[in-house]
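# Coordinate analysis (summary)
Below, each chain spelled out in residue letters.
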Amino acid sequence: MKAYRASILHFPDPALPRAALEADGLLVVGPDARGRQVVQALGPYAELASRFAGVPTEHFPGRIIAPGFVDLHLHFPQVDVIGSPAEGLLPWLENYTFPQEKRFSAHGHSAQVATFFIAELLRNGVTTALAFASSHPESVDALFAEAQKNNLRLIAGKVLMDQHAPDGVRDETQQSLLDTEALIRRWHGVDRLGYAITPRFVPSCSAAQLRGAGELAAKYPDVWIQSHVAENKDEVAWVKGLYPEARSYLSVYEQFGLMRPRAIYAHCIHFDDEDRALMRSTGAAAAVSPTSNLFLGSGFFDYAGADRVGFDYGLASDVGGGTSFSPFHTMLAAYYVGREGQTKTGVSLSPQHLWWQHTGGAAQALGLGGVVGNVLPGCEADFVVLNPQATALLARRASQASSLDELLFSMIVLGDDRLVEKTVISQAGGAGLLK
Ligand code: GUN
Ligand code: ZN
């Protein structure tokens, strides 16, 4: 067992976006019956100290312990695509993304980028991620191997893309499905790893490939599904041309059996209420990717619409359409997107809600509520130690915060990787400090 003393940010009701701060708290972690490091106790230091007097305690004065962040959608082979300007999604894919992803056929390149990618997630305080690899199965192996080495909770999959893509990234229908099943068997449920069936998006997958993906999703119900939907108007028009009979872009995924709990769709911008109702009724969730949507000029996620109809969503960096690995940058961009909607609906996103979207809410969207994204007893012991004095400006602003919302807002607006002093990952044999 090990204990940590600091201010502790948590979500007292795991299903609600309301945060609380234990000003002088104690977080006790230790193994559960299966040997996983989980939170054993959380509360005021004054109340818990005597009960855990014999437990080695690390004290972080002036620091905030908070749940590790959950990134609901990003691309491992797009580390070197960040900041590539394009008129919109489709030319960006063709001119920057596919050429970079071709490089992941080489094991050496995949392994080298995987090391960087996982380290960058941890440096930024991300302790659970749902990621696309490239279309090469070797890239999935390299990514999972690196995550396993760090005991990171990573869900990932080989991209399926058998049409409308150049040589070097385009795969072959039957082989791509065989490869997917082999990867599920090799990696899903191993240590903290999970597999996601990963059709890139409707235009890049033949009907046979989408059908095969849906069959695998039915055969392996606890495997995740990840894809993109309704991100960009040209993309939506393209899908309309490919499936003129379909009610909407989203309904194509439903037609192929790709909508169910544990299915995460990135973007979900150009939706109507029937699409929103389909998300809700199937239990699928949205990965809201605001830095990507602003950078590529894709549009604005409609928070009021999502809440009115009621489907799950959480935040995502969408690196490399997204511009940063930092959850603080993503939360700030989400705030801007919420403001855009506010002019129409009066809805604005509170700091607690933004933070929830990148922790407990994102975990809930993955079907991992109460497992990650919070630090209540029973949760896996993944957390960050934040230093609100990390920069001079943040120190000034944070020290004048007179409420929890003001404190959280100061970190969302002024924070980046410098704010993350330590990232602690649940270990099989004792929580390990990784930064
Ligand atoms: N749609 C299909 N592929 C991609 C991708 O790699 N990034 C984004 N943002 N959208 C996509
Ligand atoms: Zn994406």
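Data block above holds the structure.
So, here's what we can say about the structure. Given the structure is predicted, the values throughout are model-derived calculations rather than measurements.

### As for helix α3 (residues 107–123)
Residues lying three or four places apart along an α-helix face the same way, a consequence of the helix completing one turn every 3.6 residues. Between its first and last C-alpha, α3 extends 24 Å over 17 residues, near the 24 Å set by a 1.5 Å rise per residue. In the core, the buried residues of α3 are packed alongside β5 (69–75), β6 (126–132), α4 (137–149) and β15 (420–425). Of the residues trailing α3, G125 is marked for its positive phi of about 85 degrees.

### Examining the packing of α3 against α4
At a closest axis distance of 8 Å, the pairing of α3 and α4 adopts a crossing angle of 35 degrees. Like other packed secondary-structure pairs, α3 and α4 cross with a definite hand, here right-handed. Residues H107, S110, A111, A114, T115, F117 and I118 of α3 form the contact with α4, whose participating residues are S139, A142, L143, E146 and A147. Counted by class, the contact of α3 with α4 contains 7 nonpolar, 4 polar and 1 charged residues.

### Side note on the nonpolar core
Side chains of a nonpolar character, in soluble globular proteins, are inclined to be buried together. In this structure, F117, L154, Y253, Y265, W355, L386 and M411 are the most contacted members of the largest nonpolar core, which totals 106 residues. With residues up to four places along the chain from it excluded, the contact list for L386 reads R63, I64, A66, F328, W355, M411, L419 and V420. One finds I155, I264, A266 and L366 within the second-largest nonpolar core, a separate group that totals 17 residues.

### What to know about the coordination of the zinc ion (ligand 2)
Those protein atoms acting as donors to the zinc ion (ligand 2) are H73 (NE2), H75 (NE2), H228 (NE2) and D318 (OD), and they sit at 2.0 to 2.4 Å. Bound by 4 donor atoms, the zinc ion (ligand 2) shows angles of 88 to 167 degrees at the metal and therefore irregular coordination geometry. If you list the donors of the zinc ion (ligand 2) from N- to C-terminus, the spacing comes out as H-x1-H-x152-H-x89-D. On the criterion of sequence distance, the pair formed by H73 in strand β5 and D318 in the loop between β13 (312–315) and α12 (327–345) is long-range, its members being 245 residues apart. The class of H73 is buried, set by a relative accessible area of 2%.

Each value, and the rule that gives it
Residues numbered from 1 in each chain as written. Chains lettered and ligands numbered in written order. Predicted model: local features only at pLDDT ≥ 70, side-chain atom pairs only at ≥ 80, totals over all residues. Heavy atoms only, no water. Helix = DSSP H or I, 4+ residues; strand = E, 2+ residues; numbered from the N terminus. Expected span 1.5 Å × (residues − 1). Contact = heavy atoms within 4.5 Å. Axes fitted to C-alpha atoms, helices over the stretch in contact; angles between N-to-C directions. Left-handed = near helix turned anticlockwise from the far one by under 90°. Nonpolar A, V, L, I, M, F, W, Y, C, P; charged D, E, K, R; others polar. Core = buried A, V, L, I, M, F, W, Y, C linked by side-chain atoms within 4.5 Å. Buried < 20%, exposed > 50% of the residue type's maximum accessible area, 1.4 Å probe, protein only. Donors = N, O, S within 2.8 Å, 3.2 Å for Na, K, Ca; no water. Tetrahedral: all angles 85-135°; square planar, octahedral: opposite > 155°, others 65-115°.

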